[in-house]
Each structure stands twice: as C-alpha cells, then as structure tokens.
Amino acid sequence: MIVVIIGASFAGVAAALEVRKKQSNAEIILLEKQPTLGYIPNGLHLYWENKIANLGAAYFITKEQLEKQNIQCYLEAAVEKIDSIHRTINYLQHGKEETISYDKLIIATGSSQLSQKISGSDGENVLKYKRHHEAEDALSKIDASKSVTIIGGGQVGVEAADLLSKQQKHVTLIENMDYVLFKYFDKEMIQPLQQKMLEQGIDLRLNQTASSIEAEDQPVTIRFGNEMVKSDAVILGVNVRPDLHFLDEHIRLHMDQTIAVDRYMRTSVEDVFAVGDCIQLTFGEDDETVYIPLVNNAVRTGIVAAANLIQPKMVFKGSLRTIGTFIFGYYIASTGITEAESLFTNQKVETYRQEVLLTSLPNSATVTIKWVYDATSHTLLGAQMISTSDILEKINTLALAIQTKQTLEDLQQKDYFFHPSFTQMISATNFVSWPEVRDDGNEN
C-alpha cells in the first residue's frame, strides 16, 4: 500500500508516524515543498526569547529521524495537481515535473498568513514568519528596524508585540476588534494584560481595520480608516488560510475554501483524507464545524486520519481551542467557549469569576479564573485564566473536564494533592464558590 502525505509540518508528520506504527508494510512518502521539514512556526519568537540559539534549532523532527522510520521524504516537492479519479499527484521538484501514484492520500498542506482584504499584504516586504526562510528574512529586516507595525491582535501578534517592545522597538498593533485575543478571552478577562501593553509603550489601535500596506518604499505606510501609520517594518499577524489550488473538483470544499471532512478525517473522495490547518473541525460536541488552526488540532487530526486509513475506527472528538502563553508579564490560558461567543449559540450559559490564591504561603500569587457553564446542568463549557504565576498546565485539567462533561459540582470533588508550598487548601481547578469573587464592575 502506497500512502502519500502532502505536507510535512505537525499534521503531516504525526500522520506519517502513526501510519508507520499501524501499517508496517506500507510505503509512506512525504511530499514537502520547503527545503526542510519539521520547522516550528513560531521559531522566531523562541529565538527572540533566547530559548534557542538560532533558527536552525527550531525544529521538532528531522528528515533523518523520519527516514529511520522508513518514511521517504521528498523535499522541495511542490504539488501542482491532484487527480483523485486516477489517484495520481503531479509535483515539481528541482524544476522537473514528476508524477506519483497513491493508494491512500492524506492532505496536510497547512496554512499561510494571507489577507485578501488588505491590499499590498502579499508584498515581499510585508513580513510573515511561519516558515523558516520567512523567519530568516524577517529577522534581518526587523533587526534593522526601529519601528514595527503589527496587523492582528491574535496570539502571534500580541506575542510579537511583547518581544519586540523588549528590544526597544516602537510597536504599533492594529486590531479590528475592541480588544486583543478576542477568540480566546472575554473582554474583562484580558484587560489587565491590555493595560500592561499600554504601560509597556505599545501603540494600540483597536476597532481599526487595516485596508492597505504600501511597503515598496521605506518607511512602510499602513492605512486604516482615515488614519495611517508609518514604520520601518510591518508584520502580518492576521488569520492563517490554506492554499489548496492543486485540488481537483471532486474534493468538496467549504465556503471558506477549506476541505470538508467528516469526523474520520475523510474527504468527499474515497481514500483521500485531509488534516491540520486545511480543514474545518467540530468545536466540542457540536456538529457545526469551524476553522481552528492550532498545532494541537493538527497533530490529533493526523493521528485520527492514520487510524482510519483502512476502515473508519477512530472518531475525532472535536477541538476545544485550548491555548496558553506568557505575554506582557501574564500567563494566560483558555479552553472551550467564551461568554461572548455563547451569545451565538442556542445554549443558555452562566459565568462565574473568582480570584484564587495559588499556595498557602504569605504573599502567594493569585489566578483569576472565569468559568463558563450551562445554566441548567452546570456542565463546564469554557474556562479562562490569567495570572502572574505559571498556571498554564491547569488549563489542561479544565479542558479534560469539558471533554468529560464535568459539572461545577463534579469539579468541587476532584482529588488533587495538597502541599502548602505548591497549592492552596483548595486547588485552583476545584470550583468552590466561597473564594473572593471579582466584581465585573470593579475590574480595573
């Protein structure tokens, strides 16, 4: 059996390794258009944080490690066309057109930062750094810049704003919503961080939609509404989108041009699967699908596709859009739905915020938690956390609680260890109603 996987980032590599584990006799071929594989998309942030010595260290796996698993890697192989009827793939490698046949195909081509709404955003001088060569280019240009404008206040944009301001760059951040990180947090939860952004000198332009970038000359001009800013460099930190120009008409797409798959990661064509950033996913138990391009989703969908190659065995259990990071002095984490987006569902939710001491020691740090739960059953639906101490791992406990349909009453009874140096008399993830409750009206 020949299994071809297009794309060798997290989803493609996870699928390849899982196929090898389950199909020891399969011929597995990875097609990757980049000259290397396994690059960590935010490698530049790791470098700016001094977590790695150079971008060459920002790899989670190497070609040699995959080849030891008897997985063939065709690098610099850019797929031009898929013929899903005759089960062939045409690709260009080193200027030569090649054709390969498959028995099973997994499409894991990932995504790129694109915007069709911002003219000039596809220019070479508009910096994106999801891929290694883009990061190398961005690094040198930003090193030479004193001012940087970032378009997009999502996780990538806010992390970049923090790291660049620490390098004494003048940072402008343009976000079209009225607060940053809106996909993951309700407005009041993120206000302490947003206040810190202002104190750290970020020129925060909220409720503004970038319309054009003029990056041919220096300084770069970014226009939004009736305003404009000029800076030495501009980073596009907007949503990523897949590039699937090579598909034939038999593979069904959603309106947003992502590939439609079922919960087994099967496309509309037999023996063709799609995973990672090129598909929509179910959000929790809901059958409605949404686009949630996260590494944790990419890996899990790759594993699910590999498990279902021969026959459907493993159902993808949905994404909770779990994230965590450290920015502007705060550890922040989120999982499940927010209160704001619950307004777009038929579900009636209630919320509860509390500030909990993290240990029993004097001067212990605190964490502010927002619980989002079903108003009738009290089943946990979402949680958000913000603290100056590292509480990131706790969000995984709450994600598991949502996946296993725990109620607030269940969470009161969960058994966690106690040690006064490390925990409070109740764990932060033990929902208890009597710790101090923050008043929404006095948030700031």
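Further up the page is the structure itself.
The sections below set out a description of the structure shown in this document. (Residues numbered from 1 in each chain as written. Predicted model: local features only at pLDDT ≥ 70, side-chain atom pairs only at ≥ 80, totals over all residues. Heavy atoms only, no water.)

**A word on the sheet that holds strand 16 (residues 233–236)**
Each strand in a sheet pairs with another by means of backbone hydrogen bonds, the pair being arranged parallel or else antiparallel. One open sheet accounts for five strands, arranged 9-16-10-11-12; its pairing is parallel. The open sheet has two free edges, formed respectively by strand 9 (126–127) and strand 12 (203–205), since each of these has just one partner strand. In this sheet, strand 12 lies alongside strand 11 (residues 170–174) in parallel orientation, the contact comprising three bridges. In the sheet register, Leu 173 faces strand 12, and the bridge partner there is Leu 204. (Pairing = 2+ DSSP bridges. Helix = DSSP H or I, 4+ residues; strand = E, 2+ residues; numbered from the N terminus.)

**Describing the packing of helix 1 (residues 10–22) against helix 7 (residues 295–307)**
Close contact between helix 1 and helix 7 brings their axes to 7 Å; oriented N to C, the two are set at 30°. By the angle between their directions, the pair helix 1 and helix 7 is classed as roughly parallel. The chirality of how helix 1 crosses helix 7 is right-handed. Here Phe 10, Ala 11, Ala 14, Ala 15, Glu 18, Val 19 and Lys 22 of helix 1 come into contact with helix 7, specifically with Val 295, Ala 298, Val 299, Gly 302, Ile 303, Ala 306 and Ala 307. The residue makeup of the contact of helix 1 with helix 7, split by class, is 11 nonpolar, one polar and two charged. (Axes fitted to C-alpha atoms, helices over the stretch in contact; angles between N-to-C directions. Parallel < 35°, antiparallel > 145°, perpendicular 65-115°, else oblique. Left-handed = near helix turned anticlockwise from the far one by under 90°. Contact = heavy atoms within 4.5 Å. Nonpolar A, V, L, I, M, F, W, Y, C, P; charged D, E, K, R; others polar.)

**Focus: unusual backbone geometry**
Phi angles above zero are rare outside glycine, and Glu 76 is one such case at about 55°. Counting through the fold element by element, Glu 76 comes out in the loop between strand 3 (71–75) and strand 4 (77–83).

**Topic: the side chain of Ser 342**
The topology assignment puts Ser 342 in helix 8 (residues 339–342). Beyond its immediate chain neighbours, meaning those up to four positions away, Ser 342 contacts Ile 337, Gln 347 and Val 349.

**As for the packing of aromatic side chains**
Centre-to-centre distance and the angle between the planes together describe a pair of aromatic rings. Using the criterion set out here, one finds seven aromatic pairs in the structure. Between Tyr 39 and Tyr 59 the ring centres are 5.5 Å apart and the planes differ by 65°, which places this aromatic pair in the edge-to-face class. One end of the pair, Tyr 39, is in the loop between strand 2 (27–32) and helix 2 (43–48); the other, Tyr 59, is in the loop between helix 2 and helix 3 (63–68), with 20 residues separating them in the sequence. Judged on exposure class, the residue Tyr 39 and its partner Tyr 59 are both buried. (Phe/Tyr/Trp six-rings, centres within 6.5 Å; stacked < 30°, edge-to-face > 60°. Buried < 20%, exposed > 50% of the residue type's maximum accessible area, 1.4 Å probe, protein only.)

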